Amino acid sequence: MMDETNIRPEEAAAETAPKAEAAQEAAAPEAEQPAAEKAPEKEKKETKKELESQLAAAKAEAEKARAEADAAKDRLLRTAAEYDNFRKRSAREQDAAFGNGVAHAVGQILSILDTLEMAEAAPTADENFKKGVTLTLEKAKAAFEALKVEEIPALGQPFDPAVHNAVMQKAAENGEESGTVLQVFQKGYKLGDKVIRHATVIVAE
């Protein structure tokens with residue numbers, strides 16, 4: 001057995017050095033561990049803040065987009081409503097213009113129709129003439145129906161100043177109530193609610 005007192009200093013240093021290095025290596029992880037643990041926590045906090053910032057920015061963008069979409073929808077609805085009002089107004093104006101044109105044209109030919117009706121009611125021996133007048137009147141009435149021109153009811157009806165024009169009054173002969181139309185001098189016509197010509201009548205006293 002080698003005497004420990006005979007170990008040389010160089011051998012003692014060589015033998016001691018590995019042990020010291022091993023001790024340092026064992027101690028190093030313990031010293032570095034707290035710093036290694038703190039780094040991920042700091043990174044996590046920074047990442048969390050960044051995500052929260054991105055989320056807030058995304059929410060703000062979403063709110064802005066929603067507001068713009070609502071504004072665009074409101075403008076679209078307003079435009080649609082304005083267009084619908086314009087379309088309806090245009091249709092009413094066109095109908096009114098058409099009705100005025102029809103009323104004017106019918107008013108111009110009513111005197112011809114009156115003459116034909118008198119000719120039909122007049123006694124005549126010429127049956128062909130009477131038949132021709134009757135056919136002409138039937139065609140005129142069919143044309144009026146197509147144009148939605150109606151004869152104003154008058155005979156036996158209560159007098160209505162909106163559609164009747166009374167030229168005289170006379171005593172009722174068959175017990176009619178006062179204000180009843182007894183006779184029609186001239187027929188009246190209307191187009192819808194528009195009076196083309198008032199009916200000229202005689203009214204019971």
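Residues numbered from 1 in each chain as written. Predicted model: local features only at pLDDT ≥ 70, side-chain atom pairs only at ≥ 80, totals over all residues. Heavy atoms only, no water.

**Comments concerning the pattern of salt bridges**
A complete count under the given rule lists seven salt bridges for this structure. Lys 88 serves as the salt-bridge partner of Asp 84, at 3.2 Å between the closest nitrogen and oxygen. Here Asp 84 and its partner Lys 88 are both found in helix α1 (residues 9-121), four residues apart, which amounts to about one turn of the helix. Classification of Asp 84 by relative accessible area gives partly exposed; the value is 24%. Residue Glu 151 is joined to Lys 187 by a salt bridge in which the shortest nitrogen-to-oxygen separation is 3.8 Å. Placement of the pair is Glu 151 in strand β1 (residues 149-151) and Lys 187 in the loop between β3 (181-186) and β4 (189-191), with a sequence separation of 36 residues. Judged by its relative accessible area of 26%, Lys 187 falls in the partly exposed class. Each of Asp 84, Arg 87 and Lys 88 takes part in one network of salt bridges that share partners. (Salt bridge = Lys/Arg side-chain N within 4 Å of Asp/Glu carboxyl O. Helix = DSSP H or I, 4+ residues; strand = E, 2+ residues; numbered from the N terminus. Buried < 20%, exposed > 50% of the residue type's maximum accessible area, 1.4 Å probe, protein only.)

**Overview of the sheet that holds strand β2 (residues 164-170)**
Taken in spatial order, the three strands of this open sheet run β2-β6-β3, and their pairing is mixed. Edge positions in the sheet fall to β2 and β3, since each of these pairs with one other strand and no more. Averaged over neighbouring strand pairs, the angle between their axes works out to 30° when direction is ignored. (Pairing = 2+ DSSP bridges. Axes fitted to C-alpha atoms, helices over the stretch in contact; angles between N-to-C directions.)

**Let's talk about the nonpolar core**
Counting 13 residues, the largest nonpolar core has Val 106, Leu 110, Leu 113, Phe 144, Val 149, Tyr 189 and Ile 196 as the members making the most contacts within it. Of all the secondary-structure elements, those providing two or more residues to this core are α1, α2 (127-146) and β4. In terms of residue count, the dominant contributor to this core is α1 (five residues). Setting aside residues no more than four positions away along its own chain, Tyr 189 makes contact with Leu 110, Leu 113, Glu 117, Phe 144, Val 149, Glu 150, Glu 151, Ile 152, Val 195, Ile 196 and Arg 197. Counting five residues, the second-largest nonpolar core is a separate cluster that includes Val 181, Ala 199, Val 201 and Val 203. (Core = buried A, V, L, I, M, F, W, Y, C linked by side-chain atoms within 4.5 Å. Contact = heavy atoms within 4.5 Å.)

**A word on the packing of aromatic side chains**
Ring pairs (aromatic) are described by centroid distance and by the angle formed between their planes. Using the criterion set out here, one finds one aromatic pair in the structure. With 5.6 Å between their ring centres and 85° between their planes, Phe 144 and Tyr 189 make a pair best called edge-to-face. Highlighted residues: Phe 144 in helix α2 and Tyr 189 in strand β4, separated in sequence by 45 residues. Tyr 189 matches Phe 144 in its accessibility class, with the two residues each being buried. (Phe/Tyr/Trp six-rings, centres within 6.5 Å; stacked < 30°, edge-to-face > 60°.)

**A look at the sheet that holds β4**
The strand order across the open sheet formed by three strands is β1-β4-β5, and the pairing between neighbours is antiparallel. The strands lining the two open edges of the sheet, one partner per strand, are β1 and β5 (194-197). Averaged over all adjacent pairs, the angle separating strand axes in this sheet is 35°, with direction ignored. Note that β1 and β4 share three bridges and pair antiparallel. When the sheet's bridge partners are listed, Val 149 is paired in β4 with Leu 191.

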